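# Breakdown of the fold
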Amino acid sequence: MKFANELAEDIWTAKYRFKSAQGGGDSSIDETIARVAAAVADAEREDIRPLWRARFEEALTDFRFIPAGRIFAGAGTERAVTLFNCFVMGTVPDSLPGIFEHLREAAVTMQQGGGAGMDFSTIRPSGSVVHGVGAEASGPLSFMDCWDAMCRTVESAGQRRGAMMGCLRIDHPDIEAFIDAKRDPARFRNFNLSVLVPDAFMQALASGANWPLIFDGSEIRSVPAKALWDRLMRATYDMAEPGVIFIDRVNENNNLAHCETISASNPCGEQMLPPYGACLLGSINLARLVDNPFTSGAFLDEEELATLTRTAVRFLDNVIDLSRFPLPAQDAEAKAKRRIGLGITGLADALLFCGATYGRSEAIELTRRWLGVIKREAYRASALLAKEKGAFPLYKKAMLKRPNLASLDEETRSLIKANGLRNGCLTSIAPTGTTSLLAGNVSSGIEPVFAYSYTRRIRQGDGSTREQPVEDYAMQVWRQLKGDASPPDDLFVSAQTLSPSDHLTMQAAAQALVDSSISKTVNCPENISFDAFADVYIEGYHLGCKGLTTYRPNTVTGSILSVAPAAKEPEKAEPPLSPRAEALDGTTYKLRWPDSAHAVYVTINDEQQDGDRRPFEIFVNSKNMEHYAWTLALTRMISAVFRRGGDISFVADELKAVFDPRGGAWMHGRYVPSLPAAIGRIVERHIGTLEVPHEAPEQRPDPAPRPACPQCGAASLIKVEGCSNCLDCGYSKCS
């Protein structure tokens, strides 16, 4: 089998090709497919392994069925990794030892390749009394900083970017700070954030009532529901986060409601899972199943779709027994419920081939039809597997009353009544990202085509990126069949040209036929009004969506994909560097970094420009010569940026995003990931002081002077549980 393009081969080489320590491994994509098929077939009885190995290999050929990347990369290898994509961690206890034990569990999970979701609603709010130590709690966001730093550290040891979902209930007293957290562009960069919104809140919003913020059963205060919702919508309008999970709907429509309660999702939102829940993923490539594309006789082969669905269910069920698990609790949870997440990819391309415009009535009807085939065949396959291998341990006949099973046809329900189910949940729709690119750049998951030609930024192992032009699979087929004929604009719509309602109707149509949830982004134009934007979430709630994520272009989040500009703008001459005056005024800041025995002094000098003061140059000095070379290089570069003029606020943002693999430090109640990040905070602080008459930042004295630290000399020594601790340099000595 040949790759469709160079990018697909690059992705296979970088992510999915197995190379053993002895120099062997996969020499072609065919060998990768054979390796995966053989490994998954090993879960079958010995007498039928050859049969299922051949069927699995046939399904994987030509990327008609695409297991998730963890399976492609790990099945049949010597790697100690999990084949599961999705995890939700255990319930975080409201105690320091428990919190850090769960931090360790998340680190182990991500080290083995799993993305992790966490509900932080169980941690007491900021300012609460911590009994026994006479202190105030720092709240869930401060501990999320620890998770964020851990994720960066785990990422630095491997090639994959860490992925986490942080959730907080909308009735938690710290919800406003959670909503606003990503307004700090350097904070929680390894988290997706979602607010858990129950039906009661939506009712309070509709009636204009107040909404209580509670913890541990006690109301702390109340706020107008409308004001809180507007704050959430405004943050999402400006920053594309947090997303929203309608948590009551998730639990009401859960097949497994008799044995679990869900309070979080995996990082991309397609799997809502209970504590220690785990799910693995795979997608049927609809774009490969359409015959006679771009003709009046185009159709999707539904018999082949049914066959692939049955094979895929058995394949994914086998992976449950084949996979390693980072934690014993995840192993037990996965095998007790045998949850799988079978989804689709290439939907938008398949609709194009059939002449149906994404978001229009014909496309909605075809989507329902195709997903209906998958749902029916997946449940039938699971019932027959239960007859052959046994139902999942927590199966109950009462499940037939759950919404997803109650809507099945009578023949399928009869099979389930007779045999039970092998799998507690069967379907979800995940983002397919690089596996869609591997398949020749078919449209991803349920999403519309982003753009028919675009530039993709590909992250390298060293953290840098490179750009590569890409063309959508449907456009490639159009050119093969139609030559240079222009594709019809009313058919070749994209994520950029569709309305938010088009996105919503497709998501809602699919959600009605999917057990778990759907990873889907509702793209909104930059000029959409705030009220129209907020209405997208209300509409999504009333249409039956389980959660919503929107994207409106903004200056912070950017995008992995970028559409190429229509024409190159003429290059503008770089502004000349400003000459230096003989004398400049400035401010020197003293910085204590725990890893250094000597203070670091940061001096920023300013110039007058058009009646305003602005930074002109920066110097960093310390007795610690270890920092000399890089601080000299850093200050020369920053000074050059300052002298060119224009917006310089990004300098602080870039510095604050730098992390040290050895770990950062807590400074003034906030985790700072590195010494350059601490310098970035000083730059940010200095620029802020120039917005008012120039003066040194206000220094607020402590209520009472603290003893001097014997290591750094700062008056920052405190006593905690019999130990002397310096807040500036980290010195600690227990008496």
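Everything discussed here concerns the structure shown above.
Within any chain, residue numbers begin from 1 and follow the written order of that chain's sequence. pLDDT decides what is reported in this predicted model: residues at 70 or higher carry local features, side-chain atom pairs at 80 or more are listed and counted, and totals for whole chains, interfaces and linings draw on all residues regardless. Excluded from the side-chain calculation are hydrogens and water; included are all heavy atoms of the structure.

### Considering the pairing of strand S3 (residues 115-119)
The rule is simple: take the accessible area with a 1.4 Å probe, protein chains only, and divide by the maximum for that residue type; under 20% is buried, over 50% is exposed, in between is partly exposed. Per the convention used, a helix needs a DSSP run of H or I reaching at least four residues, while a strand needs a run of E reaching at least two, with both numbered from the N terminus. Counting buried positions along S3 gives 5 out of 5 residues, so the element sits mostly inside the fold. In terms of strand pairing, strand S2 (residues 86-88) meets S3 through 3 bridges, oriented parallel. Counted as the bridge partner of Cys86 is Gly115 from S3. Classification remark: right-handed applies to a crossover when, strands pointing away from the viewer, the course from the first strand over the helix to the second runs clockwise. The parallel pair S2 and S3 is bridged by helix H5 (residues 96-111), and the resulting crossover is right-handed. By the convention used here, strands pair only if DSSP detects at least 2 bridges between them. Bridging between S3 and strand S6 (residues 164-169) involves 4 bridges; their strand directions are parallel. What sits directly across from Met118, in S6, is Gly166.

### Notes on helix H14 (residues 361-389)
Counted at 1.5 Å a residue, the expected span for H14 with its 29 residues is 42 Å, and the 41 Å between its end C-alpha atoms agrees. Downstream of H14 by a residue or two, Gly390 has a phi angle that is positive, lying close to 105°. One less than the number of residues in a helix, times 1.5 Å, gives the span that helix is expected to have.

### A few points about the environment of Gly540
Within the element layout of this structure, Gly540 appears in helix H20 (residues 530-543). Note on Gly540: relative accessible area 0%, which makes it buried. Sequence separation of Gly540 and Gln507 is 33 residues, and the distance between their C-alpha atoms is 8.7 Å.

### Notes on the sheet that holds strand S23 (residues 600-609)
Spatial ordering of the open sheet is given by S22-S23-S24, a layout of 3 strands whose pairing is antiparallel. With partners counted over all chains shown, the strands left at the sheet margins are strand S22 (585-591) and strand S24 (612-622), one partner each. Averaged over all pairs of adjacent strands, the angle between their axes in this sheet comes to 20°, without regard to strand direction. Bridge count between S23 and S24: 10 bridges; the pairing is antiparallel. Each residue of the ladder has a partner; that of Asp606, found in S24, is Pro615. With axes taken as lines fitted to C-alpha atoms, and helix axes fitted only over the stretch in contact, angles between N-to-C directions fall between 0 and 180 degrees.

### Focus on helix H8 (residues 199-207)
For an α-helix, 3.6 residues make a turn, and residues three or four places apart therefore share a direction. Within H8, the full set of buried residues consists of Asp199, Phe201, Met202, Ala204 and Leu205. Buried positions along H8 lie against strand S7 (191-197), strand S8 (210-215), helix H9 (225-239), strand S10 (243-246), helix H10 (247-252) and H20. Following H8 by one or two positions, Gly208 has its phi on the positive side, about 75°. Residues count as neighbours in contact if any of their non-hydrogen atoms are within 4.5 Å of one another.

### As for the environment of Arg552
Mapped onto the fold, Arg552 is located in the loop between strand S20 (547-551) and strand S21 (561-562). Put simply, Arg552 and Ile528 are 24 residues apart on the chain and 8.4 Å apart in space, counted from C-alpha to C-alpha. Residues contacting Arg552, with those up to four places away along its chain left out, are Tyr237, Asp238, Cys524, Pro525, Glu526 and Ile528. Think of a polar contact as two N or O atoms within 3.5 Å of one another; within protein, one of them needs to be a possible hydrogen donor and the other a possible acceptor, and neighboring residues in sequence only count if both atoms come from side chains. At 3.0 Å, the side chain of Arg552 forms a polar contact with the backbone oxygen of Glu526.

### Thoughts on unusual backbone geometry
If a residue is not glycine, its phi is most likely negative; likewise, a peptide bond is most likely trans. At the junction of Glu241 and Pro242, the peptide bond is cis and its omega measures out at 0° in the coordinates. Position of Pro242 among the secondary structure elements: in the loop between H9 and S10. One non-glycine residue, Asp62, adopts positive backbone phi at about 65°. Among the secondary structure elements, Asp62 is positioned in the loop between helix H3 (49-60) and strand S1 (65-67). On the basis of relative accessible area, Asp62 is assigned to the partly exposed category, the value being 35%. Of note, Phe63 is a non-glycine position whose phi angle comes to about 55°, a positive value. Note on placement: Phe63 falls in the loop between H3 and S1. According to the relative accessible area criterion, Phe63 is buried, its value standing at 2%.

### A few points about the packing of aromatic side chains
Any pair of Phe, Tyr and Trp rings, taking the six-membered ring for Trp, is counted once the centres come within 6.5 Å. Such a pair is stacked with planes under 30 degrees apart, edge-to-face with planes over 60 apart, and tilted for the rest. This model, assessed by the stated rule, comprises 25 aromatic pairs. Aromatic pair Phe84 and Phe325: ring centres 4.8 Å apart, planes at 55°, arrangement tilted. Taken together, the residues span a long stretch of sequence, with Phe84 in the loop between helix H4 (69-74) and S2 and Phe325 in the loop between helix H11 (302-322) and helix H12 (328-337) at a distance of 241 residues. Just as Phe84 is buried, Phe325 falls in that class too. A centroid spacing of 5.1 Å and a plane angle of 85° characterise the contact between Phe120 and Trp147, whose relative ring orientation is edge-to-face. Taken as a pair, Phe120 in the loop between S3 and strand S4 (129-130) and Trp147 in helix H6 (residues 140-156) lie far apart in primary sequence, 27 residues in all. Across the pair, exposure class does not vary: Phe120 and Trp147 are buried alike.

### Focus: the pattern of salt bridges
For this analysis, a salt bridge means a side-chain nitrogen from Lys or Arg found within 4 Å of a carboxyl oxygen belonging to Asp or Glu. In total, this model carries 40 salt bridges according to the counting rule given. Residues Asp62 and Arg288 are paired through a salt bridge, measuring 3.3 Å at the closest nitrogen-oxygen approach. Taken together, the positions of Asp62 in the loop between H3 and S1 and Arg288 in the loop between strand S13 (278-285) and strand S14 (290-291) put the pair 226 residues apart, joining distant regions of the chain. When salt bridges that share partners are traced, they join Glu44, Arg45, Asp47, Arg314, Glu388 and Lys389 into one network.

By themselves, these observations are geometric and do not establish any function.
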